[in-house]
Amino acid sequence: MLTNIVLAILIIALLLFLLLISLVLPGRHDADMIRPFANRYYAHRGLYQKDQSIPENSLTAFNAACENGFGMELDVQLSKDGEVVVFHDDNLKRMCGIDQPVSALTLAELKDLRLAGTDEQIPTFTEMLKVVAGRGPLIVELKPSPVAIRDELCRKTCQILKAYQGDYCVESFDPAIVAWFKAHAPEIMRGQLIMPYGRYNKKIPAIARFAMSRCLTNATARPHFIACDIRHDCFPVTLAEKLGAIKVAWTSRQAGDAPGNDMIIFEHYLPGKYIQ
């Protein structure tokens, strides 16, 4: 009787483990896909200064990253009139001093603002790509957006990227955005951003926050890489990496604090160009 109970427990445990594998399994990739990106450091929002004297996500910051030989991570979202702009926060207050969502202003209105009291404007994605001009690989983060405009952000970002002559991949915290690229542009390397459960927006249902923080949404998006907060460590993430997910760490703020990764997103220090 005891033997049968133990056997049943083992079978259930095995089935649960196989279910976990099916949920966290990453997308397939080959050496050619990762080659332009692997073993590189990526300047977080460009090579900006901590005091914002060179502002984050500014053309000057991206040019500085290129001149120092780094890849770049950047954020894109839509203006009110549907233009793809490079900006991190949902709200303009921290960087531009105006308490309005980015999506509430047209591109012309956004261009009237300045970043962190400098002369820098919010760049369009196209302007940013013209400055980079293939001088370094890009990690393009699509910001989570309302369902009504999510597909538009994905479609327009994808169109701009496909016309660009340079190396790029995409990522998002929103699994639906990653899944969009799986369905519509599977040849583009895509990644799932994750962070600890407690850092997700509390407006997101608890079960969804739990799933996202543990790569369980890989079942729909099948990302090629997991871009993980360097403070986040849990078994499903490790399992996804063991199953072949490319390892990306964010955000490194000192040398040596993100060992064992294929790609490292950094800020506020100058690492070497390549991961040793």
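See above for the structure.
Being a predicted model, the structure only gives us computed values, none of them experimental.

Looking at the pattern of salt bridges
Turning to step 1, where the next piece is worked out: Counted according to the given criterion, the structure contains 14 salt bridges.
Turning to step 2, where the next piece is worked out: Among the salt bridges present, the one from Asp32 reaches Arg35, with a minimum N-O distance of 2.5 Å. Of the two residues, Asp32 and Arg35, neither departs from the other in class, the shared state being exposed.
Turning to step 3, where the next piece is worked out: In this structure, the salt-bridge partner of Asp229 is Arg231, at a minimum N-O distance of 3.1 Å.
Turning to step 4, where the next piece is worked out: Residue classification places Asp229 among the buried positions, given a relative accessible area of 2%.
Turning to step 5, where the next piece is worked out: With relative accessibility at 60%, the residue Arg231 sits in the exposed group.
Turning to step 6, where the next piece is worked out: What emerges from the salt-bridge pattern is a single network uniting Arg45, Glu56, Asp89 and Arg94.

A few points about helix 6 (residues 125-132)
Turning to step 1, where the next piece is worked out: Of the positions making up helix 6, those classed as buried are Phe125, Met128, Leu129 and Val132. Axial view of helix 6: buried residues confined to an arc of 95°, hence all on one face.
Turning to step 2, where the next piece is worked out: Residues of helix 6 that are buried make contact with helix 3 (59-67), strand 2 (71-78), strand 3 (84-86), strand 4 (138-142) and helix 7 (147-162).
Turning to step 3, where the next piece is worked out: Ala133 lies just past helix 6 and shows a positive phi near 50°.

Focus: empty space enclosed by the protein
Take a probe with the size of a water molecule and roll it over the atoms, and the empty space left behind shows itself.
Turning to step 1, where the next piece is worked out: Applying the stated criterion to the full structure yields one cavity of 30 Å³ or more.
Turning to step 2, where the next piece is worked out: The computed volume of the largest cavity comes to approximately 30 Å³.
Turning to step 3, where the next piece is worked out: Residue composition of the lining of the largest cavity, grouped by class: four nonpolar, three polar and one charged.

A short note on a negative patch on the surface
Turning to step 1, where the next piece is worked out: Taken together, the side chains of Asp81, Glu83, Glu109 and Asp112 define an acidic patch exposed on the protein surface.
Turning to step 2, where the next piece is worked out: Turning to its location among the elements, Glu109 is positioned in helix 5 (residues 107-111).

Considerations on the nonpolar core
Where a protein is soluble and globular, its nonpolar side chains tend to be buried together.
Turning to step 1, where the next piece is worked out: Residues Phe125, Met128, Leu138 and Phe181 are the most contacted members of the largest nonpolar core, which totals 39 residues.
Turning to step 2, where the next piece is worked out: Each residue touching Leu138, except ones within four places of it in the same chain, is listed here: Phe37, Met72, Leu74, Met128, Leu129, Val132, Tyr164, Asp167, Tyr168 and Cys169.
Turning to step 3, where the next piece is worked out: Of all hydrophobic cores here, the second largest spans 30 residues; its members include Tyr200, Val237, Ala245 and Val248.

Observations concerning the environment of Asn261
Turning to step 1, where the next piece is worked out: Topologically, Asn261 is positioned in the loop between strand 8 (246-252) and strand 9 (263-266).
Turning to step 2, where the next piece is worked out: Given a relative accessible area of 14%, Asn261 falls into the buried group.
Turning to step 3, where the next piece is worked out: In this structure the C-alpha to C-alpha distance between Asn261 and Ala108, which are 153 residues apart in sequence, comes to 40 Å.
Turning to step 4, where the next piece is worked out: Other than its neighbours up to four places away in sequence, Asn261 contacts Lys247, Val248, Ala249 and Ile275.
Turning to step 5, where the next piece is worked out: One polar contact links the side chain of Asn261 to the main-chain carbonyl oxygen of Ala258, over a distance of 3.0 Å.
Turning to step 6, where the next piece is worked out: In terms of polar contacts, Asn261 uses its side chain to reach the backbone carbonyl oxygen of Pro259, at 3.2 Å.

Digging into helix 3
Turning to step 1, where the next piece is worked out: Regarding helix 3, the residues found buried are Ala61, Phe62, Ala64, Ala65 and Cys66.
Turning to step 2, where the next piece is worked out: Buried residues in helix 3 make contact with strand 1 (40-44), strand 2, strand 3 and helix 6.

Considerations on the layout of surface pockets
Turning to step 1, where the next piece is worked out: Its boundaries defined by the atoms lining it, the largest pocket holds a volume of some 760 Å³.
Turning to step 2, where the next piece is worked out: Every element with two or more residues in the lining of the largest pocket is listed here: strand 2, helix 7 and helix 9 (206-213).
Turning to step 3, where the next piece is worked out: Among the elements that take part in the lining of the largest pocket, helix 7 stands out by supplying three residues, more than any other.
Turning to step 4, where the next piece is worked out: Partitioned by chemical class, the residues of the lining of the largest pocket number 14 nonpolar, five polar and seven charged.
Turning to step 5, where the next piece is worked out: Reported here for the second largest pocket is a volume of approximately 330 Å³.
Turning to step 6, where the next piece is worked out: Elements supplying a minimum of two residues to the lining of the second largest pocket: strand 2 and strand 8.
Turning to step 7, where the next piece is worked out: Looking at the lining of the second largest pocket residue by residue, the classes come out as seven nonpolar, three polar and 11 charged.

Quick word on the state of the cysteines
Turning to step 1, where the next piece is worked out: Following the criterion strictly, the structure yields zero disulfides and no others.
Turning to step 2, where the next piece is worked out: Here Cys154 is not cross-linked by a disulfide; its sulfur's nearest cysteine counterpart is in Cys158, at 8.6 Å.
Turning to step 3, where the next piece is worked out: What makes Cys154 buried here is its relative accessible area of 0%.

Comments concerning the packing of helix 3 against helix 6
Turning to step 1, where the next piece is worked out: Contact geometry for helix 3 and helix 6: axes closest at 9 Å, N-to-C directions at 30°. Relative to helix 6, helix 3 is oriented roughly parallel. Helix-helix and strand crossings are classified by hand; for helix 3 and helix 6 the assignment is right-handed. Contacts between helix 3 and helix 6 involve Leu59, Phe62, Asn63 and Cys66 from the former and Glu127, Met128, Val131 and Val132 from the latter.
Turning to step 2, where the next piece is worked out: Residue composition of the contact of helix 3 with helix 6, grouped by class: six nonpolar, one polar and one charged.

Conventions used here
- Residues numbered from 1 in each chain as written.
- Predicted model: local features only at pLDDT ≥ 70, side-chain atom pairs only at ≥ 80, totals over all residues.
- Heavy atoms only, no water.
- Salt bridge = Lys/Arg side-chain N within 4 Å of Asp/Glu carboxyl O.
- Buried < 20%, exposed > 50% of the residue type's maximum accessible area, 1.4 Å probe, protein only.
- Helix = DSSP H or I, 4+ residues; strand = E, 2+ residues; numbered from the N terminus.
- Arc of directions from axis to C-beta.
- Contact = heavy atoms within 4.5 Å.
- 1 Å grid on protein atoms, 1.4 Å probe; cavity = no way out; pocket = protein on both sides within 12 Å on 5 of 7 lines; lining within 4 Å.
- Points joined across faces, edges and corners; volume = space filled by probe spheres on them.
- Nonpolar A, V, L, I, M, F, W, Y, C, P; charged D, E, K, R; others polar.
- Patch = residues over 30% accessible without salt bridge, like charges linked within 9 Å, V, L, I, M, F, W, Y side chains within 5 Å.
- Areas by Shrake-Rupley, 256 points an atom, 1.4 Å probe, with all protein chains shown as cover.
- Lys, Arg positive; Asp, Glu negative; His and termini not counted.
- Charge placed at Lys NZ, Arg CZ, Asp CG, Glu CD.
- Core = buried A, V, L, I, M, F, W, Y, C linked by side-chain atoms within 4.5 Å.
- Polar contact = N/O pair within 3.5 Å; in protein donor to acceptor, adjacent residues only side chain to side chain.
- Disulfide = S-S within 2.5 Å.
- Axes fitted to C-alpha atoms, helices over the stretch in contact; angles between N-to-C directions.
- Parallel < 35°, antiparallel > 145°, perpendicular 65-115°, else oblique.
- Left-handed = near helix turned anticlockwise from the far one by under 90°.

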